[in-house]
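Analysis of the macromolecular model
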Amino acid sequence: MQKPVTQEELDFVACESDRFESEKIKWRNELIQQTLEQREREHEHDILLAREEVKKRYEEAERMREEKYKQWQKFCEKINLQYEKERLRRQKDFQVEQAKWSQEAENYDRRLQAKKQEEINRQLAEDEKKRQALAAIKAQKEAAAAEKKKKEEEAIKAAEEKKVAKENEKIEAEKKALNKLASDEALKEEERYRQYLKLINDNIAKDPQLKQASLDSRKNITLALNTLTNDRTKIIDIASRLDRMFKTAQNNQRLYYFLLNYTAKGIVKHAEVDVLSNEAAAFPFAHVSVLVSTEHSDFMEKFMMARFVKKCPYVLPRYYARLSNQNINDLRKKMGYKQNEEEDAYFKRMCAILALYCAIMQTVPLIPNRINPYSMDHAWIWLARLLNLPPQKITPFLLYTFLKVAGAQVVQVYKGQATKILYVIFKAYVHQPPPEIKALLTSSPAAMSRLKTFLEDASRKGFIEPEGSVPK
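As recorded in an unreviewed UniProt entry, the chain goes by mRNA export factor GLE1 and comes from Rhizophagus irregularis. As stated in UniProt under Subcellular location (unreviewed entry), the record for the chain gives "Nucleus, Nuclear pore complex". Its UniProt record gives the chain the following Sequence similarities (unreviewed entry) comment, quoted word for word: "Belongs to the GLE1 family."

See below:
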């Protein structure tokens, strides 16, 4: 009976079978590896043979290229030699031909020059004959023209003398008309102030360097004027600040004058705006102007008055009338009109500026021992000049403004004399107005009514100090 197979035997058989399979796989892998290595060696050998073949072919091609290049060089040398021979031959032929043509050109130029000279000589001879003929004709014409000119000059001289006589008559008539518009003294003052203004505008006001150097000062001046009130302490403080600023700039006269001009311009500008809406606003600006003028004499004479006259000629006072051939726009500019400004607005603005001027004249300096350089004697002169001029449409406006702002001070300073002149005004404008003043009732009825009421009240109650004339 067959012996049964044990588990150990089965395990051994299985183990041997696995080992055999493993050895079989290992042998197969080694065989594959040997085959791959053999093929790699064969491939490298083939590559080596191919490289040697390529190298041989490249060297053969390089040798053939060098032979072709040497043949090409020999061919180029041959061609260049032939070209050089041909170039030298042609150059020689060209030089020979050029010399030939140069000679022919010179011969032609000589013949042409001789022909031209011959033509010039002939033309000169003909011109000389013509010139002599023309000179003879010209002499005859000049003699006739001289005679004719003499007669014409005599006629022109007679016409000019006649024209000059008419112009002189016209000028005399215009002078007579001007004498009715302003006194001789006022015209001289106007010319002086306008000269000041021209010097300021031409040499100082538009200088960009001065504008830059004064930037901070201008800001301080503008701020001071904008914050000015009718307070005694405030007025003295602002005037003192301006005084210190001006004295600091006095070592540079151009800068000093620039700041004086800027301040004067600003004050007059405030008159056009602030005083226009509130007449009492004129007094603080008047006080500052007077205090500054007591320390800086040029301020009022050369700057404030120049600005006043430019903006309002009635501070002189001075009227205007349109002259012959005068442009209406030029006339309006001299009178101080703004562009497209209506007459009513113009009159109000002129009165606002005049109110500031009157406030200055009646102002007593707030600081003791100082004297107003434009005091009441200027007010008396202004009033006398106005009353000596024929009244205009604006006259009742101006007279009312003057009497309201400075009337009380005029009476206080001039007493009896003031009473007399005020009686003349009352008689002319209220009691017995002459024809030229009666005409104002038609041209300026509202202003005449206001002035009449003011004069009647003043005749009963006396002149009252204007509101704001005394700072708080």
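Looking at the packing of helix α8 (residues 297-311) against helix α10 (residues 343-361)
Packed helices, taken two at a time, are described by the angle between their axes plus the distance between the axes. One can describe the packing of α8 onto α10 by two numbers: an axis separation of 10 Å at closest approach and a directional angle of 155°. Comparing the axis directions of α8 and α10 gives the class roughly antiparallel. Two packed elements cross with a definite hand, and for α8 against α10 that hand is left-handed. Mapping the contact onto sequence places Met300, Met304, Met305, Phe308 and Lys311 in α8 and Arg349, Met350, Ile353, Leu356, Tyr357 and Ile360 in α10. Its residues assigned to classes, the contact of α8 with α10 comprises nine nonpolar, no polar and two charged.

Some details on the state of the cysteines
Under the definition given, this model contains zero disulfides. Cys312 forms no disulfide, and the closest cysteine sulfur to it belongs to Cys351, at a distance of 7.9 Å. When its relative accessible area of 0% is taken as the criterion, Cys312 is described as buried.

Notes on the domain arrangement of the chain
Parsing the chain into structural domains produces domain 1 (17-109) and domain 2 (205-461). On a C-alpha basis, the centres of domain 1 and domain 2 stand 109 Å from each other.

Considerations on the nonpolar core
Phe308, Phe402 and Tyr429 are the most contacted members of the largest nonpolar core, which totals 102 residues. In this view, Tyr429 contacts Pro391, Thr395, Leu399, Ile437, Leu440, Met448, Leu451 and Leu455; residues no more than four positions away in its chain are not counted.

Here's the deal with a positive patch on the surface
On the surface, Lys206, Lys211, Lys265, Lys269, Lys310, Lys333 and Lys338 cluster together into a positively charged patch. Its place among the elements puts Lys310 in helix α8.

Some thoughts on the packing of aromatic side chains
A full pass over the atoms with the stated rule returns 14 aromatic pairs. An aromatic cluster of at least three residues, connected via ring pairs, comprises Tyr314, Tyr319, Tyr337, Tyr346, Phe347 and Phe397. When the ring centre of Tyr262 is taken as origin, the NZ or CZ atom of Arg218, which lies over that ring, is 5.9 Å away. Above the ring of Tyr320, the side-chain terminus of Arg318 is found at 3.9 Å from the ring centroid.

Some details on the side chain of Glu272
Structurally, Glu272 can be placed in helix α6 (residues 253-277). Using a relative accessible area of 4% as the deciding quantity, one classes Glu272 as buried.

Points about the environment of Ile221
Position of Ile221 among the secondary structure elements: in helix α4 (residues 215-226). Those residues within four positions of Ile221 in sequence are excluded, and the remaining contacts are Leu242, Met245, Phe246, Leu259, Tyr262 and Thr263.

A closer look at unusual backbone geometry
The linkage connecting Leu316 with the following residue, Pro317, adopts the cis geometry, with an omega of -10°. Relative to the helices and strands, Pro317 resides in the loop between α8 and α9 (328-335). Despite not being glycine, Lys415 shows a phi value in the positive range, around 45°. Summarising the element assignment, Lys415 is placed in helix α12 (residues 395-431). Relative accessible area serves as the criterion here: at 53%, Lys415 is assigned to the exposed category.

A short note on the pattern of salt bridges
Opposite charge on two side chains permits them to pair, given that their charged atoms come into close proximity. Taken as a whole and judged by the stated rule, the model has 31 salt bridges. Between Arg63 and Glu60 there is a salt bridge, and its shortest N-O distance comes to 2.2 Å. With Arg63 and Glu60 both in helix α1 (residues 7-179), this residue pair falls three residues apart, about one helical turn. Of the residues examined, Arg63 reaches a relative accessible area of 36% and is grouped as partly exposed. Across the pair Arg194 and Glu190 runs a salt bridge, and its minimum N-O distance is 3.2 Å. With Arg194 and Glu190 both in helix α2 (residues 184-205) and four residues apart, the pair spans about one turn of that helix. Of the residues examined, Glu190 reaches a relative accessible area of 7% and is grouped as buried. What you see here is one network of salt bridges that share partners, running through Glu86, Arg89, Arg90 and Asp93.

What to know about α8
The terminal C-alpha atoms of α8, which comprises 15 residues, lie 21 Å apart, in line with the 21 Å expected from a rise of 1.5 Å per residue. The sharpest bend along α8 measures roughly 30° and falls at Met304. For α8, the full list of buried residues reads Asp298, Phe299, Met300, Phe303, Met304, Met305, Ala306, Arg307, Phe308 and Val309. Buried residues along α8 sit in contact with α2, α6, α7 (282-295) and α10.

Conventions and cut-offs
- Residues numbered from 1 in each chain as written.
- Predicted model: local features only at pLDDT ≥ 70, side-chain atom pairs only at ≥ 80, totals over all residues.
- Heavy atoms only, no water.
- UniProt positions renumbered as here; feature names shortened; annotations may be inferred.
- Axes fitted to C-alpha atoms, helices over the stretch in contact; angles between N-to-C directions.
- Helix = DSSP H or I, 4+ residues; strand = E, 2+ residues; numbered from the N terminus.
- Parallel < 35°, antiparallel > 145°, perpendicular 65-115°, else oblique.
- Left-handed = near helix turned anticlockwise from the far one by under 90°.
- Contact = heavy atoms within 4.5 Å.
- Nonpolar A, V, L, I, M, F, W, Y, C, P; charged D, E, K, R; others polar.
- Disulfide = S-S within 2.5 Å.
- Buried < 20%, exposed > 50% of the residue type's maximum accessible area, 1.4 Å probe, protein only.
- Domains from an automatic or database assignment.
- Core = buried A, V, L, I, M, F, W, Y, C linked by side-chain atoms within 4.5 Å.
- Patch = residues over 30% accessible without salt bridge, like charges linked within 9 Å, V, L, I, M, F, W, Y side chains within 5 Å.
- Areas by Shrake-Rupley, 256 points an atom, 1.4 Å probe, with all protein chains shown as cover.
- Salt bridge = Lys/Arg side-chain N within 4 Å of Asp/Glu carboxyl O.
- Lys, Arg positive; Asp, Glu negative; His and termini not counted.
- Charge placed at Lys NZ, Arg CZ, Asp CG, Glu CD.
- Phe/Tyr/Trp six-rings, centres within 6.5 Å; stacked < 30°, edge-to-face > 60°.
- Lys NZ or Arg CZ within 6 Å of the ring centre and 35° of its normal.
- Expected span 1.5 Å × (residues − 1).
- Bend = angle between axes of the 7 residues up to and from the residue.

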